[in-house]
Amino acid sequence: MSHLSAATRHRVAFTLNGRPVSLEAEPRLLASDALRHGLGATGTHVGCEHGVCGACTIQIDGVPARACLTLAVQLEGRKVRTVEGLGPAADRLSVLQASFRRHHALQCGFCTAGILVSLDAFLHEQPHPSEEELRIVVGGHLCRCTGYTPIIRATLEAAEQLRSDPSLPDSSHV
Amino acid sequence: MKPAAFDFIRAGNLSEALDALGQYGSDARIIAGGQSLMPMLNMRLAKPAVLIDVMGIPGLDAVRREGDTIVISAGVRQAALMQRPNLASELPLLAAALPWLGHYQTRTRGTVCGSAAHADPSAEIPLCLVALDGEVRLRSRKRSRRVKAGDFFVGMMVTDKADDELIEAVTFPVSKPGSGHAFKEVARRHGDFAIVGCAALVTPDAIHLAVAGVADKPQRRSFPLLDGSALSDALNAFAWDLDARDDYHATARLRRDLVRSLGRDTIKEALSCRT
Ligand code: FES
Ligand code: FES
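Residues numbered from 1 in each chain as written. Chains lettered and ligands numbered in written order. Predicted model: local features only at pLDDT ≥ 70, side-chain atom pairs only at ≥ 80, totals over all residues. Heavy atoms only, no water.

### So, the packing of aromatic side chains
Residues and elements named next belong to chain B.
Thought 1: Counted under the stated rule, the structure contains three aromatic pairs over all chains.
Thought 2: With a centroid separation of 6.5 Å and 75 degrees between ring planes, the pair formed by Phe223 and Phe238 is classed as edge-to-face. With Phe223 in strand β14 (residues 219–223) and Phe238 in helix α10 (residues 228–241), the pair connects residues that are 15 residues apart, well separated along the chain. Considered together, Phe223 and Phe238 belong to a single accessibility category, that of buried residues.
Thought 3: Over the ring of Trp240 we find Arg256, and its NZ or CZ is 3.8 Å from the ring centre. (Phe/Tyr/Trp six-rings, centres within 6.5 Å; stacked < 30°, edge-to-face > 60°. Helix = DSSP H or I, 4+ residues; strand = E, 2+ residues; numbered from the N terminus. Buried < 20%, exposed > 50% of the residue type's maximum accessible area, 1.4 Å probe, protein only. Lys NZ or Arg CZ within 6 Å of the ring centre and 35° of its normal.)

### Remarks on the nonpolar core
Residues and elements named next belong to chain B.
Thought 1: By size, the foremost hydrophobic cluster in this structure holds 37 residues, and its most contacted members are Leu94, Leu129, Val170 and Phe172.
Thought 2: Sort the elements by how many residues they give to this core and helix α8 (residues 124–131) lands first, with six residues.
Thought 3: Here this core spans two domains, since at least three of its residues come from each of domain 2 (63–173) and domain 3 (180–272).
Thought 4: In contact with Leu94, not counting residues within four places along its chain, are Leu81, Leu87, Pro99, Ile125, Cys128, Leu132 and Phe172. (Core = buried A, V, L, I, M, F, W, Y, C linked by side-chain atoms within 4.5 Å. Domains from an automatic or database assignment. Contact = heavy atoms within 4.5 Å.)

### Quick look at the sheet that holds strand β3 (residues 50–53) of chain B
Thought 1: Spatial strand order, β1(A)-β1(B)-β3(B)-β2(B): four strands in an open sheet with mixed pairing. Each of the sheet's edge strands pairs with one partner strand only, and the pair in question is β1 (2–4) of chain A together with β2 (28–31) of chain B. Averaged over neighbouring strand pairs, the angle between their axes works out to 20 degrees when direction is ignored.
Thought 2: In this structure, strand β1 (residues 7–10) of chain B lies alongside β3 of chain B, joined through four bridges in parallel fashion. What sits directly across from Asp7 of chain B, in β3 of chain B, is Val50 of chain B.
Thought 3: Against the sheet, helix α1 (residues 14–24) of chain B makes contact with β1 of chain A together with β1, β2 and β3 of chain B, and its axis sits at roughly 165 degrees relative to β3 of chain B, the strand it touches most. (Pairing = 2+ DSSP bridges. Axes fitted to C-alpha atoms, helices over the stretch in contact; angles between N-to-C directions.)

### A few points about the pattern of salt bridges
Thought 1: Using the criterion set out here, one finds 25 salt bridges over all chains in the structure.
Thought 2: The partner of Glu157 of chain A in a salt bridge is Arg102 of chain A, with the nearest N and O atoms 2.7 Å apart. Of the two residues, Glu157 of chain A is situated in helix α5 (residues 148–164) and Arg102 of chain A in helix α2 (residues 95–102); the sequence distance between them amounts to 55 residues.
Thought 3: Residue classification places Arg102 of chain A among the partly exposed residues on the basis of a relative accessible area of 44%.
Thought 4: A salt bridge links Asp192 of chain B to Arg189 of chain B; the shortest N-O distance between them is 3.0 Å.
Thought 5: On the basis of relative accessibility, which here comes to 23%, the residue Asp192 of chain B falls in the partly exposed class.
Thought 6: Among the charged side chains, a network of salt bridges with common partners joins Arg65, Asp68, Arg84 and Glu90 of chain B. (Salt bridge = Lys/Arg side-chain N within 4 Å of Asp/Glu carboxyl O.)

### A look at the interface of chain B and chain A
Thought 1: Contacts between the two partners involve 32 residues from chain B and, on the opposite side, 37 residues from chain A.
Thought 2: Of the roughly 3100 Å² buried between chain B and chain A on both sides combined, carbon and sulfur atoms contribute 55%.
Thought 3: If you sort the residues of chain B by the area they bury against chain A, Arg10, Tyr104 and Gln105 of chain B come out on top, with a joint share of 24%.
Thought 4: Between chain B and chain A we count two salt bridges in total.
Thought 5: Lys2 of chain B is the partner of Glu49 of chain A in a salt bridge, and the nearest nitrogen-oxygen pair spans 2.5 Å.
Thought 6: Residue assignment for the side of chain B that touches chain A shows that the elements contributing at least two residues are β1, α1, α2 (37–42) and α6 (104–107) of chain B.
Thought 7: Examining the composition of the side of chain B that touches chain A, we find that four residues originate from one element, β1 of chain B, more than from any other.
Thought 8: A class-by-class count of the residues in the side of chain B that touches chain A yields 15 nonpolar, ten polar and seven charged.
Thought 9: Two elements, β1 of chain A and β1 of chain B, share three bridges in a ladder whose sense is antiparallel. Bridging from a neighbouring strand, Leu4 of chain A pairs with Phe8 of chain B of β1 of chain B. (Buried area = accessible area lost by both parts, 1.4 Å probe. Nonpolar A, V, L, I, M, F, W, Y, C, P; charged D, E, K, R; others polar.)

Put into structure tokens, the structure is as follows:
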């Protein structure tokens, strides 16, 4: 049993986009704040902080999760992936990201990080998504400016590209 | 929108979790997937002094069959239950309801037992437990006990669980041949809390309909195999007995109307898919 007291900060170590990281966290620190303020990884956005908007969605051990409904201490030992880890290199977009760009699937971009992270996980689980399935996955996110149609269109095209060329960078997970 | 301060205890086994609960009682809350508790903490609707994390307890992620009962332990995530190979034949009601429980992005972490513990009156797991007459297995340092779902849910976010108890598992009876199940809900957005949710179980001699989102807890009513205007009358009486209230999401009148229409559709579907 480990007992982390409220008043002190505790070391939390995990893997972020393939690199080992650590920070000092009070038990009440949210994973979203740990990433943004503790580690400076501000790609993960924060909208509602109660699980509704999806802006903060990250992958924990390959599955999507709300960072605002996760405590930093719960990341201990996990593999975390955020929007910063989607592209194959800092100056290259993933297939899904490039498709979002082509289809104008983002406008202000506030919701985009979370949507990309969710869809990236979903496409690994379901390489042949139907439009209906994608609408349900994207239903876990709120976008207040683009409209969802281009987001779905971009994802369908990215899925097709990924299926036709398995060597594309999105098909390997960090 | 940040939680108040709390101590965080990682329980390495069940007995450590029970000791901590015994020690801190009403100052402590169990955290499993956190998908119901974390919003409460962030909004400071809950301010426990201690969180006890049970997800590191070995064996707590098991779903097993005990005779004609499916036992779902405290650490089983909703997404994991959805992936159970025989779910649609063993628990067709759960197979139909789980896709409506939260979002793809929250079922990955939220647990089945956590949803029961939270006892939101519009939630799917409490509704299914009541519809199928399932049980909640509670455990404390001093005792273990089993409570029928109908007695476990006491009111809005209030259950029969004592402060030193945790939900060890929830159990559902396996679907019997000749029965039919259906689930339907109306919400503002797929994955949001239901305005009204209906779960129907039809057996060779009865219709059981459970309704969420109207009363302060899920409620079940059983009828003989009625149809036509007799069924409409029975549904109308049930709708009025649920004592619907107006709130931000819907009026009482809309809720009663949904109990009548959605209730009927759900029963119809359950009748049509009898095995
Ligand atoms: S900020 Fe986490 S879901 Fe909105
Ligand atoms: S692009 Fe602005 S909120 Fe989605």
